[in-house]
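Topology and contacts: notes
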Amino acid sequence: MMTFSLPVVWTVELSAVMLSIAGSFWIAKRHIRRYAVLYAFSAVTGIVLCLAFVYAGFYSFPVKLVPYTPIPLVEMATVIPFFVLFGVKYSPESWAWKLPFYFAMVQLIMLFELVALVSPLSLIDYKKWDVWDSYTAWWLYLLFFEWMGGKIVPQKARSPLAASSFRYGRWGWIVVHLIAMTTVFLAGVYAGWGLRISSL
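Residue positions within a chain follow its written sequence, with the count starting from 1. Two thresholds apply to this predicted model, a pLDDT of at least 70 for residue-level local features and 80 or more for giving and counting side-chain atom pairs, whereas whole-chain, interface and lining totals are computed over all residues. With hydrogens and water excluded, all non-hydrogen atoms of the structure serve as input to the side-chain values.

1. Considerations on the overall build of the protein
Scanning the protein from terminus to terminus reveals six helices and two strands. Helices and strands appear in the protein in the N-to-C order α-α-β-α-α-β-α-α. Burial classification: accessible surface area is computed with a 1.4 Å probe over protein chains only, and a residue below 20% of its type maximum counts as buried, one above 50% as exposed, and the rest as partly exposed. For the protein, the proportion of its 200 residues judged to be buried stands at 40%. Every residue pair with non-hydrogen atoms within 4.5 Å of one another is taken to be in contact. In the protein, once contacts between residues fewer than 6 apart in sequence are set aside, the share between residues at least 24 apart is 75%. Exposure was quantified through the Shrake-Rupley algorithm and a 1.4 Å probe, taking into account, for residues, occlusion by the shown protein chains and nothing else. Total accessible area on the protein stands at roughly 11,400 Å², and carbon and sulfur atoms take up 73% of it. For helices the rule is a DSSP run of H or I covering at least 4 residues; for strands it is a run of E covering at least 2, with both sets numbered from the N terminus onward.

2. Focus on the environment of E93
Mapped onto the fold, E93 is located in the loop between helix 3 (73-90) and helix 4 (95-118). Since its relative accessible area comes to 59%, E93 is described here as exposed. A C-alpha to C-alpha distance of 7.7 Å links E93 and L161, two positions 68 residues apart in sequence. Discounting residues that sit within four places of it in the chain, E93 has contacts with K98, Q155 and P160.

3. Some thoughts on the packing of helix 3 against helix 4
Axes, fitted as lines to C-alpha atoms, cover a helix only where it is in contact. Angles between the N-to-C directions of the axes lie from 0 to 180 degrees. At a minimum axis separation of 11 Å, helix 3 and helix 4 run at an interaxial angle of 160°. Between helix 3 and helix 4, the angle is such that the two are roughly antiparallel. The handedness of the crossing between helix 3 and helix 4 comes out as right-handed. Contacts between helix 3 and helix 4 involve F83, F86, G87, V88 and Y90 from the former and F101, Y102, M105 and I109 from the latter. Asp, Glu, Lys and Arg are counted as charged, while Ala, Val, Leu, Ile, Met, Phe, Trp, Tyr, Cys and Pro are counted as nonpolar; the rest, among them Gly, fall into the polar class. Here the contact of helix 3 with helix 4 is built from residues that sort into eight nonpolar, one polar and no charged. Here roughly perpendicular refers to angles of 65 to 115 degrees, roughly parallel to angles under 35, roughly antiparallel to angles over 145, and oblique to all remaining angles. Take the far helix as your reference; a near helix turned counterclockwise from it by less than a right angle gives a left-handed crossing, and one turned clockwise gives a right-handed crossing.

4. Re the packing of helix 2 (residues 32-55) against helix 3
Axis separation between helix 2 and helix 3 bottoms out at 8 Å; the angle between their running directions is 130°. Between helix 2 and helix 3, the crossing angle belongs to the class labelled oblique. Crossing handedness for the pair helix 2 and helix 3: right-handed. When helix 2 is examined against helix 3, the residues Y35, L38, Y39, S42, A43, G46, I47 and C50 are found in contact with a partner set consisting of L73, M76, A77, T78, P81, V84, L85, V88 and K89. Along the lines of polarity and charge, the residues of the contact of helix 2 with helix 3 split into 13 nonpolar, three polar and one charged.

5. With respect to the nonpolar core
Only buried Ala, Val, Leu, Ile, Met, Phe, Trp, Tyr and Cys residues count toward a nonpolar core, and they belong to the same one when joined by side-chain atoms within 4.5 Å. Y35, L38, W138 and L142 are the most contacted members of the largest nonpolar core, which has 48 residues in total. Of all the secondary structure elements, the ones that give two or more residues to this core are helix 1 (6-28), helix 2, helix 3, helix 4, helix 5 (131-152) and helix 6 (171-199). In terms of residue count, the dominant contributor to this core is helix 4 (10 residues). Leaving out residues up to four positions away in the same chain, Y35 has contacts with I27, A28, L85, K89, V153, A157 and R158.

6. Section: helix 4
Expected span, for any helix, means 1.5 Å times one less than how many residues it has. Over its 24 residues, helix 4 extends 34 Å from the first C-alpha to the last, a length consistent with the 34 Å expected when each residue adds 1.5 Å. Think of a polar contact as two N or O atoms within 3.5 Å of one another; within protein, one of them needs to be a possible hydrogen donor and the other a possible acceptor, and neighboring residues in sequence only count if both atoms come from side chains. Two or three places before A96, at the start of helix 4, stands the capping residue S94, its side-chain oxygen 3.2 Å from that residue's backbone nitrogen.

What follows is the structure, encoded as structure tokens:
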């Protein structure tokens, strides 16, 4: 089994934090006040929900950048709001095309979460929680902030991807299908691995 040292994991997490901060500034640079409100709202909501789930015994985080906090506070205050800002900024105008856009986002987020779950360092430990719970929670969280983002960030401050990009054969269609095929395959590997371990 591939193993990772703690400094390597911290380096990866710190890189994710720095890239998220830079990405959030890039998204918000021309409408900083509106996006700052959305950023703060999504960060506080994510932190409160995560704390509630941890104290309810749903899951835990054995390894964090700040080790004496019950949740990965730095990551929750930077990476999660970046996903929200990215979605609000670039999601297509029509809900018919928002759904495949957010599908691709949730699939990627769940891929990162599964990597954290199966890591030898136990970055996240499910207790009264499972992959489906996370998948559902991410959908609800991102769609809620898509709705809230429409009330906080005006249309002129958004850069929605063209609906035509997601039609058959276009780059959006290709990206969504590549993400879908890759993540579904890896989810199958994860499920098969779990069944193998449970049968030992």
